[in-house]
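Here is how the chains run, residue by residue.
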Amino acid sequence: MIEGVLWSIFAGLMLGLYALPEKFTKEFEFENTWGLFFAINTFIIPNIAVYFLVDNFGDILAAVPTNVMIGMAVASFLWGIGVMMWGKAINYIGLSLGFSLFIGTIILIGSLIPFMIDGIPEFQVFATIMLGILIVLFGVMSNGRAGLLKQKEDDKGEEVKSDNMITGISIAVVGGLLATGFNYANSVGAGVIHEASVAAGNPEWVSAIIVMYIIYVFGGISIASYFSYQLTKKKLWGNFVTPQFPRNTVLATVMGIFNFSASALFGFAAFTLGSTGGTVGYAIFNTVSVGVAIVGGIITKEWITAPKKAKTSLYLGLACMIVGITVIAFGNSLGTV
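The following paragraphs examine the structure supplied in this document. Note that the coordinates shown come from a computational prediction; the quantities given were computed from them, not determined experimentally.

1. Considering the overall build of the protein
Move 1: Helices and strands together make up the secondary structure of the protein, namely twelve helices and zero strands.
Move 2: What you see in the protein, going N to C, is helices and strands ordered as α-α-α-α-α-α-α-α-α-α-α-α.
Move 3: Projected onto its principal axes, the C-alpha positions of the protein cover 60 × 55 × 35 Å.
Move 4: Per-residue burial over the protein gives 51% buried out of 337 residues.

2. Considering the packing of helix H8 (residues 181–199) against helix H10 (residues 245–272)
Move 1: Across the interface, H8 lies against H10 with an axial gap of 11 Å and an inter-helix angle of 65°. Considering the relative orientation of H8 and H10, their crossing is right-handed. Contact residues: Phe182, Asn183, Asn186 and His194 in H8; Ser263, Phe266, Gly267, Ala270 and Phe271 in H10.
Move 2: Of the residues in the contact of H8 with H10, the class split is four nonpolar, five polar and no charged.

3. With respect to the pattern of salt bridges
Move 1: Throughout the structure, instances matching the rule amount to one salt bridge.
Move 2: The salt bridge involving Lys234 is made with Glu31; its shortest N-O contact spans 2.5 Å. Of this pair, Lys234 sits in the loop between helix H9 (206–233) and H10 while Glu31 sits in helix H2 (residues 30–53), placing them 203 residues apart in sequence.
Move 3: Under the relative-accessibility criterion, Lys234 is labelled partly exposed at 43%.

4. Observations regarding the packing of aromatic side chains
Move 1: The tally for this structure, following the rule as stated, stands at 24 aromatic pairs.
Move 2: Geometrically, the ring pair formed by Trp7 and Phe268 is edge-to-face, given 6.1 Å between the ring centres and 80° between the ring planes. With Trp7 in helix H1 (residues 2–17) and Phe268 in helix H10, this pair connects stretches of sequence that are 261 residues apart.
Move 3: A residue is classified by how much of its surface remains accessible, and Trp7, at 30% relative accessible area, is partly exposed.
Move 4: Summarising the aromatic geometry, the rings of Phe30 and Trp34 are spaced 6.1 Å apart at their centres and angled 35° between planes, so their arrangement reads as tilted. Taken together, the residues Phe30 and Trp34, both in helix H2 and four residues apart, mark about one turn of the helix.
Move 5: Residue classification places Phe30 among the partly exposed residues on the basis of a relative accessible area of 48%.

5. Regarding helix H11 (residues 277–299)
Move 1: When the terminal C-alpha atoms of H11 are compared, their 32 Å separation across 23 residues agrees well with the 33 Å that a helix rising 1.5 Å per residue should span.
Move 2: When you tally the buried positions in H11, you get 18 out of 23 residues, the bulk of the element.
Move 3: Lys301 sits one or two positions beyond H11 and adopts a positive phi of about 65°.

6. Regarding the packing of H1 against H11
Move 1: Between H1 and H11, the shortest axis-to-axis distance is 7 Å and the interhelical angle comes to 40°. One way to sum up the angle between H1 and H11 is to call them oblique. Handedness of the H1/H11 crossing: right-handed. Contact with H1, carried on its side by Val5, Ser8, Ile9, Ala11, Gly12, Leu13, Leu15, Gly16 and Leu17, involves Gly281, Ile284, Phe285, Val288, Ser289 and Val292 of H11 and no other residues of that element.
Move 2: Its residues placed into classes, the contact of H1 with H11 shows ten nonpolar, five polar and no charged.

7. Observations concerning H1
Move 1: The first and last C-alpha atoms of H1 sit 23 Å apart over 16 residues, in line with the 22 Å expected at 1.5 Å per residue.
Move 2: Residues of H1 that are buried include every one of Gly4, Val5, Ser8, Ala11, Gly12, Met14 and Leu15, and no others.
Move 3: On its buried face, H1 sits against H10, H11 and helix H12 (308–334).

8. Regarding the side chain of Thr279
Move 1: Turning to its location among the elements, Thr279 is positioned in helix H11.
Move 2: For Thr279, a relative accessible area of 1% corresponds to the buried category.
Move 3: For Thr279, the residues in contact, after removing those within four places along its chain, are Ser111, Pro114, Phe115, Ile129 and Ile133.

About the cut-offs
- Residues numbered from 1 in each chain as written.
- Predicted model: local features only at pLDDT ≥ 70, side-chain atom pairs only at ≥ 80, totals over all residues.
- Heavy atoms only, no water.
- Helix = DSSP H or I, 4+ residues; strand = E, 2+ residues; numbered from the N terminus.
- Buried < 20%, exposed > 50% of the residue type's maximum accessible area, 1.4 Å probe, protein only.
- Axes fitted to C-alpha atoms, helices over the stretch in contact; angles between N-to-C directions.
- Left-handed = near helix turned anticlockwise from the far one by under 90°.
- Contact = heavy atoms within 4.5 Å.
- Nonpolar A, V, L, I, M, F, W, Y, C, P; charged D, E, K, R; others polar.
- Salt bridge = Lys/Arg side-chain N within 4 Å of Asp/Glu carboxyl O.
- Phe/Tyr/Trp six-rings, centres within 6.5 Å; stacked < 30°, edge-to-face > 60°.
- Expected span 1.5 Å × (residues − 1).
- Parallel < 35°, antiparallel > 145°, perpendicular 65-115°, else oblique.

Dropping the structure here:
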């Protein structure tokens, strides 16, 4: 159990740090950097990973039942749409509120999906895990409040128009719901793919790479469609023709390696954690990634000029997230006693 929790935490750390290289790209607009990243992340890195790390990959895919593969493909495609909607929500309501609503929805709904598929565990396990998730959600919302207070101070009292606020909140919540397709795909496919992978002579950890391959490739289809449209609409394709392209490609590749590895580690952690692993691992994975992003902001002094109320709300949120993770892990341990 401890091993699975530690892997979930490590995966969350990697996810929280993966976007850091984006700050060092040059002569690229947002669409160029993230379009290149997603192209590498969802198509190139997964294929390289399965080529070098997975034996008999074709046979494993063929062993996956058609209904499972279709379910994973559809859920993964919806996950890609959800990720794009989150980016759109930020344009309406800002990073802090958009991030909190999106991740909050993911943690709440996404963590429940494995229970819907595999069944609810015994009461004390279920109740303890749910308590931990609710504490985490309170922490995420507290962080969102801190961001709003900071944003209000930075904007010197300017308010977001009410219609934009409603639209942004709706997009963030719907995007979060769609993004839970990631955990659905993992929960539905992990078991059968693990059996097929081990039968093909692979170590147990390899099955997580195969699961993420399917999720990333099908999710990448919707993501690629979105960025292709944006790059064309804003006439940004020409930005790729720059002396900085090799440098930016290396940075985007580092982002992709961290992101894909984080997801694969989560998949392995969920398997290691046992029957409640999909819920426990997913909650810890996402919560730690949020915490890392927030701590990074504190270290880089993004909050140094924030009002006292904002800092208090931020620290309260971080404390709740730490307590929530501890409760979730304890709840999972009850199921292994």
